[in-house]
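# Secondary and tertiary structure notes
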Amino acid sequence: MTVLNPSGSRAGAAEAGPVAAGPATAPGQRVPSGPAQPTMISCAGLWKVFGPRASRIIGTAESDLAPAELKAKHKAVIAVREVSFDVATGEVFVVMGLSGSGKSTLVRCLTRLIEPTAGSIRIADQEVTGCPDQQLRDLRRHKVAMVFQHFGLLPHRTVRDNVCYGLEIQGMPKQKRYVRADEMLALVGLEGFGSSLPSQLSGGQQQRVGLARALAVDPEVLMFDEPFSALDPLIRRDMQAEVKRLHREVGKTMVFITHDLHEALTLGDRVVIMKAGRVVQIGTPAEVVGAPADDYVRAFTRDVPKASVLTAAWIAHPPDGEVDPAAPTVAADTLIRDLVPLMSGVQGLFRVVDGDQTVGFVDRIDVLQVMAEGVELT
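Residues numbered from 1 in each chain as written. Predicted model: local features only at pLDDT ≥ 70, side-chain atom pairs only at ≥ 80, totals over all residues. Heavy atoms only, no water.

Moving on, we come to the overall build of the protein. Helix and strand counts for the protein stand at 15 helices and 15 strands. Counting every atom, the protein has about 18000 Å² of accessible surface; 51% of that belongs to carbon and sulfur. (Helix = DSSP H or I, 4+ residues; strand = E, 2+ residues; numbered from the N terminus. Areas by Shrake-Rupley, 256 points an atom, 1.4 Å probe, with all protein chains shown as cover.)

Following this line, the structure appears as structure tokens:
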């Protein structure tokens, strides 16, 4: 049997491992995505209402009033409305929405930088809502680190002192925290910049310092609040690549806030779409693009090239007839755009495999349907 990798290289059966024949998953029978690893963050029924007597609005008909009417009647604004989700250990979980959708309020509620009005939050098996102040400080110092949009660097401190600021708060000796800071600067590509001041760095370099500072305390969770929105497009792309590289190397759980759909699809293992404080859809990039939950998500994803997001597993289907035992295979996570060169000069079906399991089959027609303009998969 021959395995075709996304790069186009060929591997023999011994290298590829056995492929088990099994029932294919037909379109429309997909199980919604969710954490496969242990849960790092659990958020249940979270509300944030700004205004007097906020808790009295939750769960009443008043909470369904139009925003303008609610503000006029109760002087209240609902920023986060009954939000629930779980984030798996090691997952990149992206929260995406337009201005006013509640995404930044949500991420601040997770560590109680903004106090939630109602609901439950757990991080690393620790209850966040209602925990004592000292416990909350320990959580912020040791388990969770935040990367902000406007860098948040201290202008009078050197880059090295900015990076080790959290370690200084923890009480780590100066020499030890300097060693750690230099390690983190090397990790983010800023080796040799420790003695510089933030004002001597470019915007992209300053954001790298922010990343190094967050990583220095070795947190279990990294939270990003639109960290790249102030950067030029080319620098922003470089920083997205940097986040992906760092995730591969350090494997931290990441919660990433953005208003940019391309950024969300590029970075996220799963993506949350928010509107007016509500969660509209949670899913993998393929699920969000290939099966939008409603017209709001559909409008967001209309111009996304589906072939750059959807995978072989997404379009896999049962065979129409007998399958050649020697049929070439492709990995389930192969992007559809990468199937095009693989299928050049190859006739018949391709077996789509996830590890040693067959998840279905694809052929040229399946790929061409997705490549064609105006094709919508639901």
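Below, the discussion takes up the packing of aromatic side chains. A complete count under the given rule lists 4 aromatic pairs for this structure. Plain terms: the ring middles of Y296 and F300 are 5.1 Å apart, the flat faces sit at 90 degrees to each other, and that makes the pair edge-to-face. With Y296 and F300 both in helix α12 (residues 295-301) and 4 residues apart, the pair spans about one turn of that helix. Taking the relative accessible area as the measure of exposure, F300 reaches 21% and is therefore partly exposed. Just above the ring of F50 sits the side chain of K48; from NZ or CZ to the centre is 4.9 Å. (Phe/Tyr/Trp six-rings, centres within 6.5 Å; stacked < 30°, edge-to-face > 60°. Buried < 20%, exposed > 50% of the residue type's maximum accessible area, 1.4 Å probe, protein only. Lys NZ or Arg CZ within 6 Å of the ring centre and 35° of its normal.)

Moving on: the sheet that holds strand β3 (residues 39-50). Pairing in this open sheet of 4 strands is antiparallel, and the strands run β4-β3-β6-β7 from one edge to the other. Lying at the two open borders of the sheet, with one neighbouring strand each, are β4 (77-88) and β7 (126-127). One ladder, built from 5 bridges, connects β3 with strand β6 (residues 118-123); its direction is antiparallel. Each residue of the ladder has a partner; that of C43, found in β6, is I121. (Pairing = 2+ DSSP bridges.)

Let's shift gears to the packing of helix α7 (residues 174-187) against helix α8 (residues 203-216). Here α7 crosses α8 at 130 degrees, and the two axes come no closer than 9 Å. It follows from the interaxial angle that α7 and α8 lie oblique. The handedness of the crossing between α7 and α8 is right-handed. Note on element contacts: α8 touches α7 through A212, L215 and A216, opposite R180, M184, L185 and L187. A breakdown of the residues in the contact of α7 with α8 according to their chemical character gives 6 nonpolar, no polar and 1 charged. (Axes fitted to C-alpha atoms, helices over the stretch in contact; angles between N-to-C directions. Parallel < 35°, antiparallel > 145°, perpendicular 65-115°, else oblique. Left-handed = near helix turned anticlockwise from the far one by under 90°. Contact = heavy atoms within 4.5 Å. Nonpolar A, V, L, I, M, F, W, Y, C, P; charged D, E, K, R; others polar.)

Once that is clear, we can look at unusual backbone geometry. Located in the positive-phi region is D125, a residue other than glycine, with phi close to 65 degrees. Here D125 lies in the loop between β6 and β7. The exposure class of D125 is exposed, given its relative accessible area of 66%. For E226, which is not glycine, the phi dihedral falls at a positive 45 degrees. Secondary-structure assignment places E226 in the loop between β9 (221-225) and α9 (233-250). Judged by relative accessible area, which is 13%, E226 ranks as buried.

The strand order across the open sheet formed by 6 strands is β8-β9-β10-β5-β11-β12, and the pairing between neighbours is mixed. Each end of this open sheet is capped by a strand with a single partner; those strands are β8 (144-147) and β12 (278-283). Sheet twist, expressed as the average angle between the axes of neighbouring strands with direction ignored, equals 15 degrees. The sheet contact formed by strand β11 (residues 270-275) and β12 spans 5 bridges and is antiparallel. Residue pairing for β12: V272 is matched across the bridge by I282.

Along helix α15 (residues 364-371), the residues that are buried comprise D366, V367 and V370. Taken down its axis, α15 places every buried residue within 95 degrees of arc, on the same side. Seen from the buried face of α15, the exposed residues on the opposite side, beyond 90 degrees, are I365 and L368. At its buried positions, α15 is contacted by α13 (312-315), α14 (336-343) and β15 (357-362). The opening residue of α15 is D363, an N-cap whose side-chain oxygen sits 3.1 Å from the backbone nitrogen of I365. (Arc of directions from axis to C-beta. Polar contact = N/O pair within 3.5 Å; in protein donor to acceptor, adjacent residues only side chain to side chain.)

The subject of this paragraph is the side chain of E287. Mapped onto the secondary structure, E287 falls in helix α11 (residues 285-290). Reaching out from E287, the side chain makes a polar contact with the backbone nitrogen of T284 at a distance of 2.8 Å.

The subject of this paragraph is the pairing of β6. Sheet analysis places β6 next to β7, joined by 2 bridges and oriented antiparallel. If you follow R122 over to β7, its bridge partner there is E127. Counting the residues that bridge the hairpin from β6 to β7 gives 2 residues, and of these A124 lies at a positive phi of roughly 50 degrees.

It is worth spelling out the pattern of salt bridges at this point. Counting across every chain of the model gives 17 salt bridges. In this structure, E263 engages R236 in a salt bridge whose closest nitrogen and oxygen atoms are separated by 3.1 Å. Note that E263 is positioned in helix α10 (residues 261-267) and R236 in helix α9, a separation of 27 residues in sequence. Each member of the pair E263 and R236 is classed as buried. Salt bridges sharing partners connect three or more residues here, namely R208, E242, R245 and E249. (Salt bridge = Lys/Arg side-chain N within 4 Å of Asp/Glu carboxyl O.)

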